[in-house]
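# Survey of secondary and tertiary structure
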Amino acid sequence: LAWKAGYRAFGENRPQELKRKLEGIEAYPELRGARFDMIGNLQTNKINQALACVDAVETLSSAELAHRIDARATRPLPVFVQVNVSGEATKSGCAPDAVAPVVDAVSECANLRLAGFMTVGLNSPDEAPVRRAYARLRSIRDDAAARTGIGAASLELSMGMSRDMAWAIAEGATIVRLGTAVFGAR
């Protein structure tokens, strides 16, 4: 149904779930061309499994992980630096002050291409702090763009989910994860 509604990009939290889903849609040739991104924490022991089925990794959070992915990649791979702008202990991603070394590591890699930045929003019903965190990711993206010479317009901002998508879009999101809004609760 999502495909018929025009969705062409999908995300998955676990490589094994994505692999199972891809095997299930092989019978539907019209789904060829869909994009599948890794949006969950990528464990190093799952890199090979993820690389076999993803078009991008949105959860790169360390220079070490960048080098490990690059060593196993056999094709150019877009990556997003995941940043924990909310500071919540339950969220993954590098700290805002640790972004530069991750961006530098990506630029050193032969197979990785910096595609943007990703965050999981602050778990709050209050608009102001959620938007402040999203604005911070936008600022981090703009700083990285200026430092690397990559145009800010060329770097995606993957932020926001079904419950806070309007706030994320208002702060510059170019990718919003709408699983609950489209597919319903898990």
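Residues numbered from 1 in each chain as written. Predicted model: local features only at pLDDT ≥ 70, side-chain atom pairs only at ≥ 80, totals over all residues. Heavy atoms only, no water.

Buried within helix H3 (residues 63-72) we find Leu65, Ala66, Ile69 and Asp70. For H3, the angular spread of buried residues about the axis comes to 135°, placing them on one side. Those residues of H3 that are exposed and angled more than 90 degrees off the buried face are Glu64 and Ala71. Of the surrounding elements, those touching the buried residues of H3 are helix H2 (47-51), strand S3 (56-60), strand S4 (77-82), helix H4 (99-108) and strand S5 (112-119). (Buried < 20%, exposed > 50% of the residue type's maximum accessible area, 1.4 Å probe, protein only. Helix = DSSP H or I, 4+ residues; strand = E, 2+ residues; numbered from the N terminus. Arc of directions from axis to C-beta. Contact = heavy atoms within 4.5 Å.)

When pLDDT is averaged across the protein chain, the result is 84; 76% of the residues are at 70 or more. Confidence scores differ between elements of the protein chain, with helix H7 (residues 179-183) showing the lowest mean pLDDT of 51 and H4 the highest of 97. (pLDDT = per-residue confidence, 0-100.)

Grouped together as the largest cluster of nonpolar side chains are 40 residues, with contacts concentrated most on Ile69, Val81, Val83 and Phe117. Elements with a minimum of two residues in this core: H2, S3, H3, S4, H4, S5, helix H5 (127-148) and strand S6 (156-161). With seven residues, H5 is the single largest residue contributor to this core. Filtering out sequence-adjacent residues up to four positions away, Val81 remains in contact with Leu60, Cys94, Val99, Val102, Val103, Leu114, Gly116, Phe117 and Met118. Counting five residues, the second largest nonpolar core, distinct from the first, contains Ala56, Phe80, Met118 and Ile175. (Core = buried A, V, L, I, M, F, W, Y, C linked by side-chain atoms within 4.5 Å.)

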